[in-house]
Amino acid sequence: MLSVYHATKNFPDYEHFGLTSQFQRSAVSIAANIAEGYRKDGMSDKLRFLNIAQGSLEECRYYILLSYDLNYISLDTYNNMNASIEETSKLLNAYYRGIKERNVI
């Protein structure tokens, strides 16, 4: 998430209320929904919040690509952010499956 803030600080001023804002909000949403889901008692509530986090993660994946296509981030930044998104996605999917398969609350 911090990498999103570091990357977006260099975006053009006219993107402040557009891509910059959307990108930052989706990055924050990933962690916020994981945290909120963690504190839920029921499995369905936990899974719902993790699913929302997964949606925000995919939104970030798109914003990384768009930022690169618009030349707002370098290839190195794109690769680093993409690798981070991929790792986060794997961990989140494993957490989701673990809760669902083991009925762990």
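In this text the structure is predicted, and so the values were computed from the model without any measurement.

### Digging into the pattern of salt bridges
Throughout the structure, instances matching the rule amount to three salt bridges. Taking the shortest distance from any N to any O, the salt bridge between Arg61 and Glu58 comes out at 2.9 Å. With Arg61 and Glu58 both in helix 3 (residues 43-69) and three residues apart, this pair spans about one turn of that helix. A residue is classified by how much of its surface remains accessible, and Arg61, at 22% relative accessible area, is partly exposed. On the basis of relative accessibility, which here comes to 39%, the residue Glu58 falls in the partly exposed class.

### Some points on the packing of helix 3 against helix 4 (residues 75-102)
Where helix 3 contacts helix 4, the two axes come as close as 10 Å, and the packing angle between them is 165°. Taken together, the axes of helix 3 and helix 4 are roughly antiparallel relative to one another. As helix 3 runs across helix 4, the sense of the crossing is left-handed. Here the residues of the contact of helix 3 with helix 4 are counted per class, giving 17 nonpolar, six polar and five charged.

### A few points about helix 4
The α-helix winds at 3.6 residues per turn, so residues separated by three or four positions along the chain end up facing the same way. Between its first and last C-alpha atoms helix 4 spans 40 Å; for 28 residues at 1.5 Å apiece the expected length is 40 Å, and the two agree. Along its buried surface, helix 4 packs onto helix 1 (2-8), helix 2 (19-38) and helix 3.

Rules behind the numbers
- Residues numbered from 1 in each chain as written.
- Predicted model: local features only at pLDDT ≥ 70, side-chain atom pairs only at ≥ 80, totals over all residues.
- Heavy atoms only, no water.
- Salt bridge = Lys/Arg side-chain N within 4 Å of Asp/Glu carboxyl O.
- Helix = DSSP H or I, 4+ residues; strand = E, 2+ residues; numbered from the N terminus.
- Buried < 20%, exposed > 50% of the residue type's maximum accessible area, 1.4 Å probe, protein only.
- Axes fitted to C-alpha atoms, helices over the stretch in contact; angles between N-to-C directions.
- Parallel < 35°, antiparallel > 145°, perpendicular 65-115°, else oblique.
- Left-handed = near helix turned anticlockwise from the far one by under 90°.
- Nonpolar A, V, L, I, M, F, W, Y, C, P; charged D, E, K, R; others polar.
- Expected span 1.5 Å × (residues − 1).
- Contact = heavy atoms within 4.5 Å.

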